[in-house]
Structures are given as C-alpha cells and as structure tokens.
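# Report on the structure
Spelled out from the first residue to the last, the chains are:
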Amino acid sequence: MNYVPGTSSLIEDIDKKHLVLLRDGRTLIGYLRSIDQFANLVFHQTVERIHVGKKFGDIPRGIFIVRGENVVLLGEIDVDRPCDTVLQQVSIEEILEEQRLEQQAKQETEKVKMQVLKDRGLSIPKADNLDEY
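The structure contained in this document is the topic of the report that follows.

Parameters and conventions
Residues numbered from 1 in each chain as written. Predicted model: local features only at pLDDT ≥ 70, side-chain atom pairs only at ≥ 80, totals over all residues. Heavy atoms only, no water. Pairing = 2+ DSSP bridges. Helix = DSSP H or I, 4+ residues; strand = E, 2+ residues; numbered from the N terminus. Buried < 20%, exposed > 50% of the residue type's maximum accessible area, 1.4 Å probe, protein only.

## Here's the deal with the sheet that holds strand 2 (residues 27–35)
Spatially, the 6 strands line up as an open sheet ordered 5-1-2-3-4-6, and their pairing is mixed. Single-partner strands in this sheet number two, and they are strand 5 (71–76) and strand 6 (88–89). Pairing of strand 4 (residues 55–66) with strand 6 involves 2 bridges; the strand directions are parallel. Within the sheet, the bridge partner assigned to Phe56 lies in strand 6 and is Gln89.

The structure is reproduced here in structure tokens:
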C-alpha cells in the first residue's frame, strides 16, 4: 500500500463508520460521506455521544458538516467487533440532566478556586478577557 499525503488518504474511509472528537469536546459518531482538501467532513446518520461518569447518551443529529480545523481526532469504528463496554446507555433527557449537573458542579468548584486565589492576592484573567492582551 502506497502512502497518500494529506486528506486524500481518507478517500478509502468514505462510507465507513467513524468517531470524531471536536475541539469543543463534543464526540460525534456517523458515516463519513465526503471530505475535501481542507479536511472538512460530511457525516450521515450522525449521533452526538455525551459521556457522564459511567453513563452515555446518543442524540441523533442526522447529516452533520464538520469544518476541518475543528477536528481533534478521527477514527474508524469497527462495526463487526462486539461491544464490551461497561458504560450504561441512558435516555437523552437523563444524560442531558446528568451533564447539566456535572457542569454546575464544575462551575461551583471553579468559583471556590477563584475565591481562594483572590483571598491569597492572586488573580487569573477570565478566558473571555484574554483577547484584550
């Protein structure tokens, strides 16, 4: 097999099931239908998989276009291999509620950390203020 440089090496992966991890942390699973020279991807029968602890939920998204610069990881899923996961699949509503609670807990922890730093005379600029420097 010869090495093909760039995104053209993904041509042989078209019509196969893939998992893609995006820069914003989302995980998508779907069938790769198209790719271009900028590594923009088109997925069909896409689901967004949300993991919280030992639970996961799939939100159907249908056709999904992903800009190439947002891809962190792309991998083919072996559909013939049996699933030996210890994760429990739950409903969309349940996983969204679990995700909301997890994000709330992270925000509370972050507030406590910021208060401790402030009490010690330290300050960390917020992410939305970093563009000003």
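## Quick look at unusual backbone geometry
The phi angle at Asp15 is positive, at roughly 70 degrees, despite the residue not being glycine. Tracing the backbone shows Asp15 in the segment before strand 1 (17–22). Take Asp15: its relative accessible area is 48%, and that puts it in the partly exposed class. In this structure, Ala39 is a non-glycine residue whose phi angle is positive, near 65 degrees. By the element assignment, Ala39 lies in the loop between strand 2 and strand 3 (41–52).

Read these as layout, nothing more, since geometry by itself doesn't imply function.
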